[in-house]
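# Chain and residue survey
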Amino acid sequence: MIRAIVTDIEGTTSDIRFVHQVLFPYARKHLESWLAQHQHEDAVVQSLNDLRQETDQPQATQAELVAVLYQFMDEDRKSTALKALQGMIWRDGYLNGDFTGHLYADVLPALQAWQQQGIKLCVYSSGSVAAQKLLFGYSDAGDLTGLFSGWFDTHVGAKRDVTSYRNIQQQLGLAPQELLFLSDINQELDAARSAGWHTLQLIRDRLDTDSSHRQVASFAEINPEFLPT
Ligand SMILES: CSCCC(=O)C(=O)COP(=O)(O)O
Ligand SMILES: [Mg+2]
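Please read these numbers as outputs of a predicted model, since none were measured by experiment.

Neighbouring ligand 1 are 15 residues, the closest being Glu10, Ser125, Ser126, Gly127 and Ala131. Elements with a contribution of two residues or more to the shell around ligand 1: α1 (16–38), α4 (80–95) and α6 (129–137). For the shell around ligand 1, the element with the highest residue contribution is α6, accounting for three residues. Formed jointly, the shell around ligand 1 draws a minimum of three residues from each of two domains, domain 1 (4–16 + 101–221) and domain 2 (19–95).

What follows is the structure in structure tokens.
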């Protein structure tokens, strides 16, 4: 029996193009001016120090860190420090009404139905928990944060690492076979399956012939009561 559903965001609940063509360029465009304004805030100082640690450059200047951040953005590196900073920068964009968090139309009705069935809903994304809450808080369908009771980011580990799913499972206090992970990326699903979870792959607008996971085109096709073992 599925007791909790953990969903990825990019390519699963939300269009990859929203992340890559709206969010990422917004953070890139505003990075330096935003840092100039916020560099003395505790959370920013902390993230810059985390980046120094991540890159093993304890003495790096802010200018050197900015160069690293541009490089990490170019590489779509899932750096915890970059993701924290991006989330803080996006906050302005959501609050100013520059954009709302994209959601596929099938997502909200399915999440509501699963919640009605007593299933706990959680998010696991490389985007920071703050960024996740912004996307669902300022989504196309309004504030959906109340639907979710668990939020996980790279602080539990990388999405292709089996340990991350074991960490989430322990934090949820459920058995692995009671958990379902939804993602568009087969390597993430492989890691969840290795941890004993159920998996389903979302195929939104591209085929994946290398995957061994059951595939669905939309959340409307998912019935947590009938999952193949
Ligand atoms: C919170 S939305 C932005 C997601 C993000 O920053 C990202 O890098 C997506 O990575 P994922 O591993 O979740 O596909
Ligand atoms: Mg994804």
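This brings us to the sheet that holds strand β6 (residues 215–216). One open sheet accounts for six strands, arranged β3-β2-β1-β4-β5-β6; its pairing is parallel. Edge positions in the sheet fall to β3 (150–152) and β6, since each has one partner strand and no second. Examined bridge by bridge, strand β1 (residues 4–7) and strand β2 (residues 120–124) share four bridges and lie parallel to one another. Opposite Ala4, over in β2, you have Lys120 as the bridge partner.

Attention shifts here to the nonpolar core. The nonpolar side chains of soluble globular proteins are, as a tendency, buried together. Counting residues in each nonpolar core, the largest one holds 47 residues, and the members touching the most others are Ile5, Val6, Leu85, Leu180 and Phe181. Sorting elements by how many residues they give to this core places α4 first, with seven residues. Counting contributing residues per domain, this core is built from domain 1 (4–16 + 101–221) and domain 2 (19–95), each supplying no fewer than three. Non-local contacts of Phe181, meaning those with residues more than four positions away in its chain, are made with Val6, Leu189, Ala192, Trp197 and Thr199.

Backbone geometry places Asp56, a non-glycine residue, at a positive phi of 60°. Structurally, Asp56 is set in the loop between α2 (42–54) and α3 (62–74). Residue classification places Asp56 among the exposed residues on the basis of 7 C-beta atoms within 10 Å. Here the phi dihedral of Asp76 falls at roughly 50°; this positive angle occurs in a residue that is not glycine. Along the chain, the position of Asp76 falls in the loop between α3 and α4.

This paragraph deals with the packing of α2 against α3. The geometry of α2 relative to α3 is characterised by a closest axis approach of 11 Å and an angle of 75° between their N-to-C directions. With respect to α3, the element α2 is oriented roughly perpendicular. For the pair α2 and α3, the contacting residues are Leu48, Leu51 and Arg52 in the first and Gln62, Leu65 and Val68 in the second. Grouping the amino acids of the contact of α2 with α3 by side-chain chemistry returns four nonpolar, one polar and one charged.

Right, let's get into the domain arrangement of the protein chain. Entries for the protein chain in the domain assignment read domain 1 (4–16 + 101–221) and domain 2 (19–95). When each unit is reduced to the centre of its C-alpha atoms, the spacing between domain 1 and domain 2 is 25 Å. Taken together, the contacts link 14 residues of domain 1 with eleven residues of domain 2. Element by element, the count of residues in the side of domain 1 that touches domain 2 is highest for α6, at three residues. Class assignment of the residues belonging to the side of domain 1 that touches domain 2 gives a composition of six nonpolar, six polar and two charged.

Definitions and limits used
- Residues numbered from 1 in each chain as written.
- Chains lettered and ligands numbered in written order.
- Predicted model: local features only at pLDDT ≥ 70, side-chain atom pairs only at ≥ 80, totals over all residues.
- Near = placed C-beta within 6 Å.
- Helix = DSSP H or I, 4+ residues; strand = E, 2+ residues; numbered from the N terminus.
- Domains from an automatic or database assignment.
- Pairing = 2+ DSSP bridges.
- Core = buried A, V, L, I, M, F, W, Y, C linked by C-beta atoms within 7 Å.
- Buried ≥ 20, exposed ≤ 12 C-beta atoms within 10 Å, placed from the backbone.
- Contact = placed C-beta atoms within 7 Å.
- Axes fitted to C-alpha atoms, helices over the stretch in contact; angles between N-to-C directions.
- Parallel < 35°, antiparallel > 145°, perpendicular 65-115°, else oblique.
- Nonpolar A, V, L, I, M, F, W, Y, C, P; charged D, E, K, R; others polar.

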